[in-house]
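What follows is each chain in one-letter form.
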Amino acid sequence: MEEEYSNNNKKVDTTKLAMKEIGFLVLVILFFVQYYKILAYVWNRYVYGTGISDSISIFILIFGVIPLSYLSAKYLVKFIKKA
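First things first, this report covers the structure right here in the doc.

1. Looking at the nonpolar core
Core analysis: the largest hydrophobic core is formed by five residues, namely Tyr 35, Tyr 36, Leu 39, Leu 61 and Val 65. At the level of secondary structure, the elements contributing two or more residues to this core comprise helix 2 (14–42) and helix 3 (55–82). Residues contacting Tyr 35, with those up to four places away along its chain left out, are Val 65, Leu 68, Ser 69 and Ser 72.

2. Thoughts on the environment of Gly 64
Tracing the chain through its elements places Gly 64 in helix 3. Among the residues examined, Gly 64 registers a relative accessible area of 28% and is labelled partly exposed.

3. Side note on the packing of aromatic side chains
Think of a pair of aromatic rings as described by two things: how far the centres are apart, and how the planes are tilted against each other in angle. The final tally for this structure, using the stated rule, is five aromatic pairs. Aromatic pair Tyr 75 and Phe 79: ring centres 6.4 Å apart, planes at 25 degrees, arrangement stacked. Here Phe 79 and Tyr 75 lie together in helix 3, a separation of four residues that amounts to about one turn. Residue Tyr 75 is classed as exposed on the basis of its relative accessible area of 56%. On the basis of relative accessible area, Phe 79 is assigned to the exposed category, the value being 51%.

4. Section: the layout of surface pockets
In this structure, the largest pocket spans a volume of roughly 170 Å³. Along the walls of the largest pocket sit Leu 17, Lys 20, Glu 21, Phe 24, Val 77 and Lys 81, which together make up its complete lining. Elements with a minimum of two residues in the lining of the largest pocket: helix 2 and helix 3. Ranked by residue count, the leading element in the lining of the largest pocket is helix 2, at four residues.

5. A few points about the side chain of Ser 72
Positionally, Ser 72 belongs in helix 3. According to the relative accessible area criterion, Ser 72 is buried, its value standing at 15%. Those residues in contact with Ser 72 that sit more than four places away from it in its chain are Phe 31 and Tyr 35.

6. So, helix 3
With 28 residues, helix 3 should reach 40 Å at 1.5 Å per residue; the first-to-last C-alpha distance of 40 Å fits that figure. Its axis deflected by about 35 degrees at Leu 61, helix 3 carries its strongest bend there. Of the residues making up helix 3, those classed as buried are Ser 57, Leu 61, Val 65, Ser 69, Ser 72 and Ala 73. Those residues of helix 3 that are buried lie in contact with helix 2.

Rules used in this analysis
- Residues numbered from 1 in each chain as written.
- Predicted model: local features only at pLDDT ≥ 70, side-chain atom pairs only at ≥ 80, totals over all residues.
- Heavy atoms only, no water.
- Core = buried A, V, L, I, M, F, W, Y, C linked by side-chain atoms within 4.5 Å.
- Buried < 20%, exposed > 50% of the residue type's maximum accessible area, 1.4 Å probe, protein only.
- Helix = DSSP H or I, 4+ residues; strand = E, 2+ residues; numbered from the N terminus.
- Contact = heavy atoms within 4.5 Å.
- Phe/Tyr/Trp six-rings, centres within 6.5 Å; stacked < 30°, edge-to-face > 60°.
- 1 Å grid on protein atoms, 1.4 Å probe; cavity = no way out; pocket = protein on both sides within 12 Å on 5 of 7 lines; lining within 4 Å.
- Points joined across faces, edges and corners; volume = space filled by probe spheres on them.
- Expected span 1.5 Å × (residues − 1).
- Bend = angle between axes of the 7 residues up to and from the residue.

The structure is reproduced here in structure tokens:
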């Protein structure tokens, strides 16, 4: 019981944790940019910034691209940790 209690009271290295979170956020942003470009290409918008113009594409962006980029980054991190 004391061992379990002492394991739960470990000091957390906040700098290391913050660097992991920042790295994960950068990975999510990189996936988001790539998926945004794919969405813009699919909607036949070749000029950057004009791919998201109507309500359907905004819906796809909010409920498709953003969660997909998060899940892709999470899967990639799991895959790298496993290897």
